[in-house]
Amino acid sequence: MSPKELCLHLQSLEKSILSHKSIIMDLSDQVWSLQDEIATLNTVVAARDDELMKMMEMLEEEKSEAVAKVQLEHNSLIKLRDDEINELHCNKLNDMKALN
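Predicted model, so just to flag it, every value in this text is computed and none were measured. (Residues numbered from 1 in each chain as written. Predicted model: local features only at pLDDT ≥ 70, side-chain atom pairs only at ≥ 80, totals over all residues. Heavy atoms only, no water.)

1. Considering the overall build of the protein
And step 1. Each helix and strand in the protein was counted, giving one helix and zero strands.
And step 2. Radius of gyration (C-alpha) of the protein: 42 Å, far over the 13 Å computed for a compact globule of 100 residues.
And step 3. Its C-alpha atoms give the protein principal-axis dimensions of about 140 × 20 × 5 Å.
And step 4. Residues counted as buried form 0% of the 100 residues belonging to the protein.
And step 5. Accessible area for the protein stands at about 9600 Å²; split by element, carbon and sulfur atoms hold 63% of it.
And step 6. Of the charged side chains in the protein, 11 are positive and 20 negative, and the gap between their average positions amounts to 3 Å. (Helix = DSSP H or I, 4+ residues; strand = E, 2+ residues; numbered from the N terminus. Rg over C-alpha atoms; globule rule 2.2 N^0.38 Å. Buried < 20%, exposed > 50% of the residue type's maximum accessible area, 1.4 Å probe, protein only. Areas by Shrake-Rupley, 256 points an atom, 1.4 Å probe, with all protein chains shown as cover. Lys, Arg positive; Asp, Glu negative; His and termini not counted. Charge placed at Lys NZ, Arg CZ, Asp CG, Glu CD.)

Okay, here's the thing in structure tokens:
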């Protein structure tokens, strides 16, 4: 290669390097931007996770309260039924005593 050809080749390489450097800088900026977006999204996801956990805890408390209420009502109904059965039984015994 002649010195002139070598010089032209080096200039071409320099332009290519500068072009690649520019592309690399642009990609680097995009990477930083994407990392910022990811950090923001991670913050949003963490906040939503916290909200969901609080909602789950509230639902669990409501469920426990509802179960306790139903159990109390169930027990009251059973007692009422048992009281009615006992009253009927007592009435039947009193009727039998009255017949004798």
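2. Overview of a negative patch on the surface
And step 1. There is a patch of like negative charges on the surface, built from Glu-57, Glu-60, Glu-61, Glu-62 and Glu-65.
And step 2. Tracing the chain through its elements places Glu-57 in helix H1 (residues 3-99). (Patch = residues over 30% accessible without salt bridge, like charges linked within 9 Å, V, L, I, M, F, W, Y side chains within 5 Å. Salt bridge = Lys/Arg side-chain N within 4 Å of Asp/Glu carboxyl O.)

3. Comments concerning the pattern of salt bridges
And step 1. Counted by the stated rule, this structure contains two salt bridges.
And step 2. Put simply, Asp-83 and Lys-79 hold a salt bridge, and the shortest N to O gap is 3.0 Å. Of the two residues, Asp-83 and Lys-79 both sit in helix H1, four residues apart, roughly one turn of that helix.
And step 3. Classification of Asp-83 as partly exposed rests on a relative accessible area of 38%.
And step 4. Notably, a salt bridge pairs Asp-82 with Arg-81, separated by 2.9 Å at the nearest N-O pair.
And step 5. Residue classification places Asp-82 among the partly exposed positions, given a relative accessible area of 31%.
And step 6. The partly exposed category is assigned to Arg-81, whose relative accessible area is 46%.

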